[in-house]
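What follows is the residue order along each chain.
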Number of protein chains: 2
Amino acid sequence: MDIQSLVRELKLKNDNKIVMLVADGLGGLPVEPGGPTELEAAKTPNLDTLAKQGVQGLSIPIAPGITPGSGPGHLGLFGYDPVKYLIGRGALEATGVGFKLGPKDVAVRCNFCTLDAQGNITDRRAGRIPTEESAPLAIKLRQVKIPKVEVFVEPVKEHRFCVIFRGEGLGGDVADTDPQKTGVPPLDPVAANLQNQRTADVARQFIAQARAILIDQPKANGLTMRGFSAAPHIPTYEEVYGLKPAAIAVYPMYKGLAQLVGMEIVGKPNTLAEEIDVLEQAWNDYDFFFVHFKYTDSRGEDGNFTEKVKMIEQFDSVVPRVMKLKPKVLVVTGDHSTPARLAGHSWHPVPTLLVSDTCRPDGQQVFGERNALMGGLGQFQAIYLMPLALAHAEKLAKFGA
Amino acid sequence: MDIQSLVRELKLKNDNKIVMLVADGLGGLPVEPGGPTELEAAKTPNLDTLAKQGVQGLSIPIAPGITPGSGPGHLGLFGYDPVKYLIGRGALEATGVGFKLGPKDVAVRCNFCTLDAQGNITDRRAGRIPTEESAPLAIKLRQVKIPKVEVFVEPVKEHRFCVIFRGEGLGGDVADTDPQKTGVPPLDPVAANLQNQRTADVARQFIAQARAILIDQPKANGLTMRGFSAAPHIPTYEEVYGLKPAAIAVYPMYKGLAQLVGMEIVGKPNTLAEEIDVLEQAWNDYDFFFVHFKYTDSRGEDGNFTEKVKMIEQFDSVVPRVMKLKPKVLVVTGDHSTPARLAGHSWHPVPTLLVSDTCRPDGQQVFGERNALMGGLGQFQAIYLMPLALAHAEKLAKFGA
């Protein structure tokens, strides 16, 4: 069954508000056998209070055993089948820097590289050129002109930048030009089929002109292209759920992901506290709020258990401000687990808490992985979280007579 | 979502080893209300030690309420959708006696039967003729010659044997010839459609020649045919998982099933202890080991609770030898439940234990059905067991950026 099609049919509008607080990479692992996870070790009095009122469970982002990247992880939370709605690397990068992709766009993630006199790559990352040097170069590449194609070039960070081609008949099935090694020239952009021939030609023209523009650069005198991708066709929150959604995030990638499903980016917060400020200010203008907190994931990626615990405690500390707004439904979850012990994303299911006055209490007194295992949500696929939130917000009609 | 396609894309190679110990028909039922199941009654100190380190749960072989045969039960454990990959009875039988089916083969399971002077069946199993008498007869049938078709005849056990037709344009859609009663002649092989007409003709020729060869036999002077089946097209473990898999089993059917997914059959063990000998000897040559233990199922089928408990204890006793090899991931499970109380396969989910140093502990102290119900794996479909094992063995890349 396609749950999203069903929800689309049953959606109801009302003024109830849903808040989804995402602590990126929330789920963890004990450092020592039998020890607590990060969430279990953290002092989270506010989340524990909510655990008594709400239901908790373990969210499976994609499928058992599958470790998600940030894109699929968030799409799942947003209720979109992450395997069906694949977002290419180029599209994700463009979206991440705030570029709004349209239906005629193909986005490509590019790296500056260093070429020798023979045109062979000597450094695939242009000596990890700093952003201050690379951004002006990316902007210089906006001089490239290709007939019947609009070209956008967006600086990203260090050696990375992003190119968007806009025109008729462009497609995303073109192979990467990064040979993944030095001592050889960049590959030629090769189309996977006839339909993508034009895109490969456009890319070839871009590369030739860019090489001419960059010719005198000491480090960044060449480029490689990766992850050609057309704009993903994702139905919006308004279309699927009838919601007017706001996204509050610090990092561009998460703003980008939210934008892909039609959320409006609200405010320009730089800290979690500022994110909650934005939430308060925007409260009357939307009925769904996605609030993204990055640092639980960052400290997990660092392999720093203690710091991840602190980040979870910081996350917990803003919960009373959110509850003061009296959302009809609050969801607290993560897009995946990032156990400090693994210093990276993992496949372990994610502790998830749903609070509303229509929860059937599950007897759990605190929020954590072991409690979630016995919680009222059980183990469930992430895509069911939105239908559950909508149900508790009385935004879903009865199915069938 | 097709989890196997996803896993195929994400597979990574490394030297980590996975052991899957299958105690056939492991799951059980209490004999008296409130009593223990076979697994709960058994003294399993070694599995209980592992329960503290690992995660347990209940594996649903096919779907809730569906009782699997050995074929679908094992395919599910191996990660293949058992409803998609149907293995015909003939193919299963041929594979079970070690016959390697090719793409031009159609396998048929045959029974010797006794016919009277009018050609009517008087005994559908030829008086349960012993293997010593039936095997030479089956071999005699190798004299049958059919133009443009290679014919193979393989003895099985008692009244059972197997015929494989190899040639162009053969198919598996031919109806059984066993009328399922006595006093009537065997049915004519009837093709389901034009594409299978040639196979039906070939079968008819085989039957006619076989009758002539068997004419003087007192008991086995006729035959019936069942389960016409082409070789199933199942992708191999190497193709899907990038694994180099070994199968260690005593009984031909399980070797056959393992062979169908591309496992190599290792050793010729006759006991569980010998199976572990083989595991030790083959340790360096493979990265996945399927070890099959038959007698938990056999004693369950006998309806003998006490003896099934003993078999589980015997199974438990070899666990330390397996752990001494330090597999990265150990999976202990069954292909289905065979409660002694039901004296047969059942639909009840199967207690399953996964042990690895990346498990999120679930607080369970012993391995058993009631504990599995509260375990970290929850209730899950058997086809997710391989993805989970691969994830814990670090053999799956992240999905999406």
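In this text, all values refer to a predicted model and were calculated from it rather than measured experimentally.

**Overview of the relation of the copies chain B and chain A**
There are two copies of the chain, and a rotation about an axis plus a shift along that axis relates them.
Right, on to step 1. Superposition of chain B onto chain A requires a rotation of 123° combined with a translation of 0.2 Å along the rotation axis, giving an RMSD of 0.3 Å. Given the turn and translation reported, the copies of this chain are related as if by a three-fold rotation axis. Among all residues of chain B, the minimum C-alpha distance to the rotation axis is found for B:Met374, at 4.0 Å.

**Some words on the environment of A:Gly378**
Residue and element names in this part refer to chain A.
Right, on to step 1. Note that glycine 378 resides in strand E13 (residues 378-381).
Right, on to step 2. Its relative accessible area of 24% is what places glycine 378 among the partly exposed residues.
Right, on to step 3. Measuring from C-alpha to C-alpha, the distance between glycine 378 and leucine 354 comes to 12 Å, with 24 residues separating the pair along the chain.
Right, on to step 4. Glycine 378 has contacts with Gln56, Gly57, Leu58 and Ala372, leaving out every residue within four places of it along the chain.

**Overview of the interface of chain B and chain A**
Frequently, the measure chosen for interface size is the accessible area that the parts lose on association.
Right, on to step 1. Taken residue by residue, the interface counts 27 residues in chain B and 33 residues in chain A.
Right, on to step 2. In this assembly, chain B packs against chain A so that about 2,200 Å² is buried in total across both faces, 68% of it on carbon and sulfur atoms.
Right, on to step 3. Our count for the contact surface shared by chain B and chain A stands at zero salt bridges.
Right, on to step 4. Taken together, the links from chain B to chain A amount to nine residue pairs in polar contact (both at pLDDT 80 or more).
Right, on to step 5. Sorting the residues of the side of chain B that touches chain A by element identifies helix H1 (3-10) and helix H15 (385-392) of chain B as the ones contributing at least two each.

**A word on the confidence of the model for chain A**
Right, on to step 1. Taken over all residues, the pLDDT of chain A has a mean of 95, while the share at 70 or more is 100%.
Right, on to step 2. Scored by ipTM, the complex comes to 0.88, with pTM at 0.89.

**Brief notes about the sheet that holds E13(A)**
Residue and element names in this part refer to chain A.
Right, on to step 1. Taken together, eight strands build an open sheet; the order of strands is E9-E8-E10-E1-E11-E12-E2-E13 and the sheet is mixed. Each having just a single partner strand, strand E9 (264-265) and E13 make up the two edges of the open sheet.
Right, on to step 2. Summarising the sheet, strand E1 (residues 18-23) and strand E10 (residues 288-293) pair through six bridges and their orientation is parallel. Looking across to E10, one finds that isoleucine 18 is bridged to phenylalanine 288.
Right, on to step 3. Along the sheet, helix H10 (residues 272-282) makes contact with strand E8 (245-248) and E10, crossing E10 at roughly 175°.

**Some details on the pattern of salt bridges**
Residues and elements named next belong to chain A.
Right, on to step 1. Under the definition given, this model contains 42 salt bridges over all chains.
Right, on to step 2. Between lysine 308 and glutamate 38 there is a salt bridge, and its shortest N-O distance comes to 3.8 Å. Of this pair, lysine 308 sits in helix H12 (residues 305-317) while glutamate 38 sits in helix H2 (residues 38-41), placing them 270 residues apart in sequence.
Right, on to step 3. Among the residues examined, glutamate 38 registers a relative accessible area of 0% and is labelled buried.
Right, on to step 4. Among the ionic pairs, arginine 89 bridges to glutamate 93, the shortest N-O distance being 3.5 Å.

**Considerations on the state of the cysteines**
Right, on to step 1. Here the structure, examined in full by the defined rule, presents zero disulfides over all chains.
Right, on to step 2. A:Cys113 takes part in no disulfide bond, and the closest cysteine sulfur to it belongs to A:Cys110, at a distance of 10 Å.
Right, on to step 3. Since its relative accessible area comes to 0%, A:Cys113 is described here as buried.
Right, on to step 4. Cysteine B:Cys110 remains unbridged, with the sulfur of B:Cys162 as its closest cysteine sulfur at 6.9 Å.

**Some details on the nonpolar core**
Right, on to step 1. Core analysis: the largest hydrophobic core is formed by 61 residues, its most contacted members being A:Ile66, B:Tyr80, B:Tyr237, B:Met263 and B:Phe288.
Right, on to step 2. The leading source of residues in this core is H15(B), at six residues.
Right, on to step 3. If sequence neighbours within four positions are ignored, B:Tyr237 has contacts with B:Phe78, B:Tyr80, B:Gly242, B:Leu243, B:Pro245, B:Val261, B:Met263, B:Phe288 and B:Met386.
Right, on to step 4. Judged by nonpolar contacts, the second largest core, of 52 residues, contains A:Leu10, A:Val22, A:Tyr80 and A:Phe380.

Conventions and cut-offs
Residues numbered from 1 in each chain as written. Chains lettered and ligands numbered in written order. Predicted model: local features only at pLDDT ≥ 70, side-chain atom pairs only at ≥ 80, totals over all residues. Heavy atoms only, no water. Least-squares fit on C-alpha atoms with pLDDT ≥ 70 in both. Helix = DSSP H or I, 4+ residues; strand = E, 2+ residues; numbered from the N terminus. Buried < 20%, exposed > 50% of the residue type's maximum accessible area, 1.4 Å probe, protein only. Contact = heavy atoms within 4.5 Å. Buried area = accessible area lost by both parts, 1.4 Å probe. Salt bridge = Lys/Arg side-chain N within 4 Å of Asp/Glu carboxyl O. Polar contact = N/O pair within 3.5 Å; in protein donor to acceptor, adjacent residues only side chain to side chain. pLDDT = per-residue confidence, 0-100. Pairing = 2+ DSSP bridges. Axes fitted to C-alpha atoms, helices over the stretch in contact; angles between N-to-C directions. Disulfide = S-S within 2.5 Å. Core = buried A, V, L, I, M, F, W, Y, C linked by side-chain atoms within 4.5 Å.

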